[in-house]
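Residue-level structural notes
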There are 2 protein chains.
Amino acid sequence: MTSRGGAMCIDLDNLPALSLGATVFAGGGGGDPRIGELMALKAIRELGPVEVKPLDAFDDDDLIMPCGMIGAPTVMVEKIPNGGEGRVIREAYERHFGRPVAAVMPFEMGGINGVLPVTWAAYAGLPLVDADFMGRAFPELQMLTPHLYGMAGSPSVITDERMQTVVFDTMDNIWLEKLVRNCVASLGGSACGGLYPMTAGAAQRPAIIGTLSRAVRMGEAIRRGGEDPIAAISEVAPVTRLGQGKVVDIERRTSGGFVRGSALIEGLGADKGRLFRLEFQNENLVVLEDGEALATVPDIITLLDTHTGHGLVTEGIRYGQRIEIVAFPAPEVWTSKEGLAAVGPRAFGYDFDFVSVVDRHA
Amino acid sequence: MTSRGGAMCIDLDNLPALSLGATVFAGGGGGDPRIGELMALKAIRELGPVEVKPLDAFDDDDLIMPCGMIGAPTVMVEKIPNGGEGRVIREAYERHFGRPVAAVMPFEMGGINGVLPVTWAAYAGLPLVDADFMGRAFPELQMLTPHLYGMAGSPSVITDERMQTVVFDTMDNIWLEKLVRNCVASLGGSACGGLYPMTAGAAQRPAIIGTLSRAVRMGEAIRRGGEDPIAAISEVAPVTRLGQGKVVDIERRTSGGFVRGSALIEGLGADKGRLFRLEFQNENLVVLEDGEALATVPDIITLLDTHTGHGLVTEGIRYGQRIEIVAFPAPEVWTSKEGLAAVGPRAFGYDFDFVSVVDRHA
């Protein structure tokens, strides 16, 4: 992070690092960050660096706006946001709550959703909070940490590139997921949104702290990494290597505001003869070998390009790619009983329990 | 209408007449009024008669709340509103506009939507406007008169029996129909809503005036009608008899927030040997004989019970019913070029033009 009058900032220098790091921590989801990075570059060029502040630098009463894109990442890369969505979401919240928004926060730290809030914060003249509500990316609206604490995702504001808005106030977060998901599907499969608006004081408990600055450090390590990107990555976060190989099959279905599918990866080098199966719903859910799980949600499963160390989003997986399959331990909150009920393998329909990648490959 | 301090009111005496009249003018749609009538009875018993005022009795700046149920009438009869929806819609509008709602108005004068606003007005302590935006019932949100004048249906507030709310602000009324319809489907196929909120001054142009009091007069005529209900009906509105017969087949499909289907009616009495085919989408769209249209939207096509003269809603059509098929001329606004583009037979996918039932059967 660079400094502006003592505060940390996202600027032209470290924005590409944020984009790289957010993709590694996305676990394959969050959407391709390239478009978001270009939009943020433009905004920073026009308006200057965006200040990043720790959550505890805000007053307890300050209103925080968690935001990002919602929907199928396969759609996001063709149905491009116009940059004004953050303003529309902010105006809807300010009308709803009758007071100003104090800061923008990525609701998930992953892919485009790590960088799009930078653009929105730049245009709004607001600081970014160095935190998020997932510590990675997840596909559904009840998969944010505040849900574990019984906090409401409502009111949620959805907007599209036509500047249409829909404001949801539901009885619980399951209904929110259902209604927002259907609306996003009606809007073409992806849209932008604000979720779980709350004060900085209320956000103290659910927020996963420091994820934005950690993504920047990860991106900077990868850029310095050179020949051995995994070694560079391991300097920033504990990483488990699951195997290396070549993508030999990839299958995707986009419907109902999600992309679901799987990839087959044939082992190469030390892993020659092995066959890995990756399954995803927006994000990577499990890596299987001979029907056994090598890693599962909520651990962060990421495909890295063997040569560059860059993370791959699920919609970017292509036949023939040489990749390294790695995993990072889940943010601790997700490995509690309540956390696993929300985002463990059984929450995605798998008939097995979570075993931490750290324990499994110790 | 009865009088309370000089003003017209809906009270325990004339509520059943409103219900009967609204069903005749519904053209088969608007939903079965029985539940709405029972709810309004309860509200009037608790809180007294509801005042009905002409639109021009309001100040030009007064905010009018057009409201009713939206969705498939087949669902409405089992998914019952709780009576508090009007309050929820009103609160959402008052928060949105930052000022109080002055009056409740049925957005369509038909079926349950003729009487449900009575309940909501009673609980809100607000008057009812003696007008609506259809002069009948229609199935879609761009089929309200303000749409013809380029006025916005947004913001629209949708709420369900769980008191959840969704507020839509779309770029046009076609998007509004698409997003609201999908949301209503997600909520189970029917919901309550406010549409085309506007000031009393703005409502002067699109409003179809006097439709609530006319429905009461129609209901009172039917109740007095005795042996010859059609004669009684013709005292209140010009009615064309298309045929009498027995329902010999009825087919319905409920999906996507609509009920679509058709009924076959075998002629009886003077019409013995004739076969009529009625087609509907929530509302009755056309009556065909030997492939020729006898009547089409936007004229109001209604099935009347031969013995009682009561109107039938499409979801109430049953095998064996003895019915009279009648039609009333459409409110004039719908027979303009713009009106027919919105609600003429071609708007519902038919390959023929509108011919007024008055001209056709002159």
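Predicted, not measured: the structure shown is a model, and the values here were computed from it.

**What about the pairing of strand β10 (residues 190-194) of chain B?**
All names here are of chain B. Taken across its five residues, β10 has five buried, putting it largely inside the fold. Neither face of β10 is left uncovered, since the one carrying Ser190, Cys192 and Gly194 and the one carrying Ala191 and Gly193 both have all their residues buried. Note that strand β4 (residues 63-71) and β10 share five bridges and pair antiparallel. Its bridge partner lying in β10, Gly68 is registered against Gly193. By the bridge criterion, three bridges tie strand β8 (residues 156-159) to β10 in an arrangement that is antiparallel. For Ile158, the partnering residue across the bridge sits in β10 and is Gly193.

**Some details on the interface of chain A and chain B**
If you look at the interface, chain A gives 19 residues, while chain B gives 19 residues. Applying the counting rule to chain A against chain B returns zero salt bridges. Within the residue set of the side of chain A that touches chain B, elements represented by two or more residues are α4 (85-97), β9 (165-169) and α7 (173-186) of chain A. With six residues, α7 of chain A is the single largest residue contributor to the side of chain A that touches chain B. Looking at the side of chain A that touches chain B residue by residue, the class counts come to eight nonpolar, six polar and five charged. Note that β9 of chain A and strand β9 (residues 165-169) of chain B share five bridges and pair antiparallel.

**Some points on the UniProt feature "domain: S-Me-THD-like C-terminal" (unreviewed entry) in chain A**
UniProt marks residues 172-357 of chain A with the feature "domain: S-Me-THD-like C-terminal" (unreviewed entry), using the numbering shown here. Across residues 172-357 of chain A, helical content stands at 26% and strand content at 37%; the span's end C-alpha atoms are separated by 32 Å.

**What about the pattern of salt bridges?**
Residue and element names in this part refer to chain B. Following the criterion strictly, the structure yields 30 salt bridges over all chains and no others. Taking the shortest distance from any N to any O, the salt bridge between Lys42 and Glu46 comes out at 3.2 Å. One end of the pair is Lys42 and the other is Glu46, both in helix α2 (residues 34-47) and four residues apart, which spans about a single turn. You can call Lys42 partly exposed: its relative accessible area is 47%.

**A few points about the domain arrangement of chain A**
A common measure of how large an interface is: the accessible area buried when the components associate. Residues and elements named next belong to chain A. Its domain assignment divides chain A into domain 1 (2-211) and domain 2 (238-360). The straight-line distance from the C-alpha centre of domain 1 to that of domain 2 is 24 Å. Of the residues lining the interface, 38 residues belong to domain 1; the matching set on domain 2 comes to 33 residues. Across the domain 1 to domain 2 interface the summed buried area is about 2,600 Å²; carbon plus sulfur atoms make up 70%. Contact with domain 2 buries surface across domain 1, with Val24, Arg136 and Leu148 losing the most and accounting together for 21% of the total. The tally of links from domain 1 across to domain 2 stands at zero salt bridges. In this structure, the connection of domain 1 to domain 2 is made through nine residue pairs in polar contact (both at pLDDT 80 or more).

**Here we look at the nonpolar core**
Counting residues in each nonpolar core, the largest one holds 104 residues, and the members touching the most others are Ile10, Leu18 and Leu128 of chain A together with Ile10, Leu18, Leu128 and Phe328 of chain B. It is helix α5 (residues 112-124) of chain B that contributes the most residues to this core, eight residues altogether. Once you skip the residues sitting within four places of it in the chain, Leu18 of chain A turns out to touch Ile10, Met109, Gly114, Val115, Val118, Leu212, Ala215 and Val216 of chain A. Core analysis: the next-biggest nonpolar cluster, separate from the first, contains 92 residues, Met198 of chain A together with Phe133, Ile208 and Leu288 of chain B among them.

**Structural notes on the relation of the copies chain A and chain B**
Between chain A and chain B, the superposition needs a rotation of 180° and an axial shift of 0.0 Å, giving an RMSD of 0.0 Å. Taken together, the turn and the small shift mark the pair as related by a two-fold rotation axis. Proximity to the rotation axis, assessed at the C-alpha, singles out Val167 of chain A in chain A; its C-alpha lies 2.5 Å from the axis. When the interface residues of chain A are mapped onto chain B, 100% of them are again interface residues, pointing to one common binding face.

**Digging into the packing of helix α1 (residues 15-25) of chain B against helix α9 (residues 211-225) of chain B**
Residues and elements named next belong to chain B. Packing of α1 against α9 leaves a shortest axis separation of 6 Å and a crossing angle of 100°. If you check the angle between α1 and α9, you find them roughly perpendicular. In this structure, α1 contributes Pro16, Ala17, Leu18, Leu20, Gly21, Ala22, Val24 and Phe25 to the contact, and α9 contributes Leu212, Arg214, Ala215, Val216, Met218, Gly219, Glu220, Ile222 and Arg223. Considering only residue class, the contact of α1 with α9 consists of 12 nonpolar, two polar and three charged.

**Here we look at helix α10 (residues 229-236) of chain B**
Residue and element names in this part refer to chain B. For α10, the full list of buried residues reads Pro229, Ile230, Ala232 and Ile233. Buried positions in α10, seen along its axis, are confined to an arc of 160° and lie on one side of it. Considering only its buried residues, α10 is in contact with α9, β13 (240-255), β18 (300-305) and β20 (322-328).

**Topic: the UniProt feature "domain: S-Me-THD N-terminal" (unreviewed entry) in chain A**
Sites flagged by UniProt as "domain: S-Me-THD N-terminal" (unreviewed entry) map to residues 14-169 of chain A. A helix fraction of 38% and a strand fraction of 21% characterise residues 14-169 of chain A, whose end C-alpha atoms lie 37 Å from each other.

**Quick look at the packing of aromatic side chains**
Applying the stated criterion across every chain yields a total of nine aromatic pairs over all chains. Between Phe25 of chain A and Phe328 of chain A, the aromatic rings sit 5.6 Å apart at their centres with planes inclined by 55°, giving tilted as the arrangement. With Phe25 of chain A in helix α1 (residues 15-25) and Phe328 of chain A in strand β20 (residues 322-328), this pair connects stretches of sequence that are 303 residues apart. Note on Tyr93 of chain B and Phe97 of chain B: the rings are 6.0 Å apart at their centroids and 25° apart in plane angle, and the pair reads as stacked.

**Considering the sheet that holds strand β19 (residues 311-312) of chain A**
The strands that make up a sheet pair up through hydrogen bonds in the backbone, lying either parallel or antiparallel. All names here are of chain A. Read from one edge of the open sheet, eight strands run β17-β16-β15-β14-β13-β20-β18-β19, paired in antiparallel fashion. Both outer strands of the open sheet, β17 (292-296) and β19, are each paired with one neighbouring strand and no more. Along the sheet, helix α10 (residues 229-236) makes contact with β13 (240-255), β18 (300-305) and β20, crossing β20 at roughly 15°.

**Considering the side chain of Asp299 of chain B**
Residues and elements named next belong to chain B. Structurally, Asp299 can be placed in the loop between β17 (292-296) and β18. Of the side chains bearing the opposite charge, Arg360 lies closest to the buried Asp299, which forms no salt bridge; the N-O distance is 6.7 Å. A distance of 2.8 Å separates a polar side-chain atom of Asp299 from the backbone nitrogen of Ala330.

Parameters at a glance
Starting from 1, residues in each chain are numbered consecutively following that chain's sequence as written. Chain A is the first chain written and ligand 1 is the first ligand written, with later ones labelled in order. Thresholds applied to this predicted model are a pLDDT of at least 70 for local features of residues and 80 or more for the giving and counting of side-chain atom pairs; totals over whole chains, interfaces and linings are not thresholded and use all residues. The side-chain values count all of the structure's non-hydrogen atoms but skip hydrogen atoms and water molecules. The buried label applies to any residue whose accessible area, calculated with a 1.4 Å probe on protein chains only, is under 20% of its type's maximum; exposed applies above 50%, and partly exposed to all values in between. Per the convention used, a helix needs a DSSP run of H or I reaching at least four residues, while a strand needs a run of E reaching at least two, with both numbered from the N terminus. Two strands qualify as a pair provided DSSP detects at least 2 bridges between them. Contact definition: two residues touch when any of their heavy atoms are within 4.5 Å. Every case where a carboxyl oxygen of Asp or Glu lies within 4 Å of a side-chain nitrogen of Lys or Arg is listed as a salt bridge. Lys, Arg, Asp and Glu make up the charged group, whereas Ala, Val, Leu, Ile, Met, Phe, Trp, Tyr, Cys and Pro make up the nonpolar group; the residues left over, Gly among them, are polar. UniProt positions are given in the numbering used here, feature names are shortened, and annotations may be inferred rather than shown by experiment. For each domain, the first and last residues come from an automatic or database assignment. When two parts are put together, the accessible area they lose, computed with a 1.4 Å probe and summed over both, is reported as buried area. Throughout this description, a polar contact denotes any pair of N or O atoms lying within 3.5 Å of each other; where both atoms belong to protein, one of them has to be capable of donating a hydrogen while the other can accept it, and for residues adjacent in sequence the pair is counted only when both atoms sit in side chains. Nonpolar core, defined: a set of buried Ala, Val, Leu, Ile, Met, Phe, Trp, Tyr and Cys residues in which side-chain atoms within 4.5 Å join the residues together. Least squares is the method used to superpose the copies, on C-alpha atoms of residues holding a pLDDT of at least 70 in both. Here an angle of 0 to 180 degrees is reported between the N-to-C directions of two axes, which are lines fitted to C-alpha atoms, with helices fitted over the stretch in contact. Throughout, the term roughly parallel applies to angles under 35 degrees, roughly antiparallel to angles over 145, roughly perpendicular to angles from 65 to 115, and oblique to all others. Regarding the arc, it is the one traced by the directions from the helix axis to the C-beta atoms. Put simply, two rings from Phe, Tyr or Trp (the six-membered ring, in Trp's case) pair if the centres are within 6.5 Å, and we call them stacked under 30 degrees between planes, edge-to-face over 60, tilted for the rest. Here the positive residues are Lys and Arg and the negative ones are Asp and Glu; neither His nor the chain ends is included.

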